[in-house]
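# Chain and residue survey
The lines below spell out each chain.
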Amino acid sequence: MTELERIRHSAAHVLATAISKIWPEAQFAAGPPVENGFYYDLELPHRISPEDFARIEEEMKREIKANHVFERVEISRPDALAMAERGELASLAPRGVASKFKLDIVQNIPEDETITLYRNGEFTDLCAGPHVMRTGNIGAFKLTHVASAYYKGDERNPQLQRIYGTAFKNKTAMEEYFTMLEEAKKRDHRKIGAEMGLYAIDSEFVGPGMPLWLPKGTVLVEELEKLAKEAEFAAGYVRVRSPHLAKEKMYKTSGHLPYYAESMFPPMEMDEHREERAKIQSRMAELERILTHDG
Ligand SMILES: [Zn+2]
């Protein structure tokens, strides 16, 4: 884990601490670092919205200011199970109910693996680590958005709230990140392309990722195609063309069908033309007979 990932994962613990202070009944699942920050999945009757962020961030700041040590505690399997059953994992204190997701996680830890807890202040979580030394090492953070996710990504499992945030070594690094996001927004090809009259996007009738090329844009597309052809020709390639559609068998061979069938276009149903096809086939057979006889 990189230093930034440690900061972000530690911030997830601090987020869970803050949420537990406000809503002690929250049930936490997993809280990993991700590409641009971190998240923590939780189950809670209250629907957390961005309006709650200021309040949660306030508690997080308090936890960071307290500069608690992330204390690593090795624990036996029976003790970990007992703590999960008393609701002591990913919580501030024992609760009337089990820490159900943590209980499930403990039950799935391989027999030969060491089980560890991490404590920051009053908050205890089941975690393999690593973290930063102290909560105060989280230099800057911000909650960004809420999404929903199924426990372990399986739709048969409960739907959880996923709270996203980001964290950095210091305030300057975080400001740079948000400035970069703003700048990227200004340069968003969907915005620029529309402003330059290159293409139109009709999400309702066509689809969000499907540009309708206008005359100016079409010139660019064709110039790029020309350039590609010239480069290919210069490199000694020769072009071929293949149909856009193929039989089911090809998608089976390519391996797409078993995994992506649900997101693929359904096969064309040819049976409604069965009668016409039969007519054509008998007509062709007839022609063949005539031709053979003539030959
Ligand atoms: Zn952790």
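Residues numbered from 1 in each chain as written. Predicted model: local features only at pLDDT ≥ 70, side-chain atom pairs only at ≥ 80, totals over all residues. Heavy atoms only, no water.

Coordination of the zinc ion by the protein involves H9 (NE2), H13 (NE2), C127 (SG) and H131 (NE2), with metal-donor separations of 1.9 to 2.1 Å. Each donor residue of the zinc ion belongs to the same chain, and together they define the spacing H-x3-H-x113-C-x3-H. Of this pair, H9 and H13 are both found in helix α1 (residues 3-22), four residues apart, which corresponds to roughly one turn of the helix. We classify H9 as buried; its relative accessible area is 8%. Overall, the relative accessible area of 1% leaves H13 in the buried class. (Donors = N, O, S within 2.8 Å, 3.2 Å for Na, K, Ca; no water. Helix = DSSP H or I, 4+ residues; strand = E, 2+ residues; numbered from the N terminus. Buried < 20%, exposed > 50% of the residue type's maximum accessible area, 1.4 Å probe, protein only.)

This part is about the pattern of salt bridges. Evaluation of the coordinates by the stated rule reveals 20 salt bridges. When the shortest N-O distance is used, the salt bridge between K226 and E223 registers 3.7 Å. Taken together, the residues span about one helical turn, with K226 and E223 both in helix α7 (residues 215-234) at a distance of three residues. By sharing partners, the salt bridges in this structure join E183, K186 and R187 into a single network. (Salt bridge = Lys/Arg side-chain N within 4 Å of Asp/Glu carboxyl O.)

What follows concerns the domain arrangement of the protein chain. If you check the domain split of the protein chain, you get domain 1 (3-182) and domain 2 (248-294). Computed over C-alpha atoms, the centres of domain 1 and domain 2 are 55 Å apart. (Domains from an automatic or database assignment.)

Looking at the largest pocket, its volume works out to about 510 Å³. Every residue lining the largest pocket is counted, 13 residues in all, and those nearest its centre are A246, Y251, P266, P267 and M268. Residue classes in the lining of the largest pocket are distributed as 11 nonpolar, no polar and two charged. Every residue lining the second largest pocket is counted, 19 residues in all, and those nearest its centre are K102, I105, L126, C127 and A128. If you list the elements that add at least two residues to the lining of the second largest pocket, you get α1, α4 (100-107), β5 (115-120) and β6 (123-126). When grouped by side-chain class, the residues that make up the lining of the second largest pocket number 10 nonpolar, five polar and four charged. (1 Å grid on protein atoms, 1.4 Å probe; cavity = no way out; pocket = protein on both sides within 12 Å on 5 of 7 lines; lining within 4 Å. Points joined across faces, edges and corners; volume = space filled by probe spheres on them. Nonpolar A, V, L, I, M, F, W, Y, C, P; charged D, E, K, R; others polar.)

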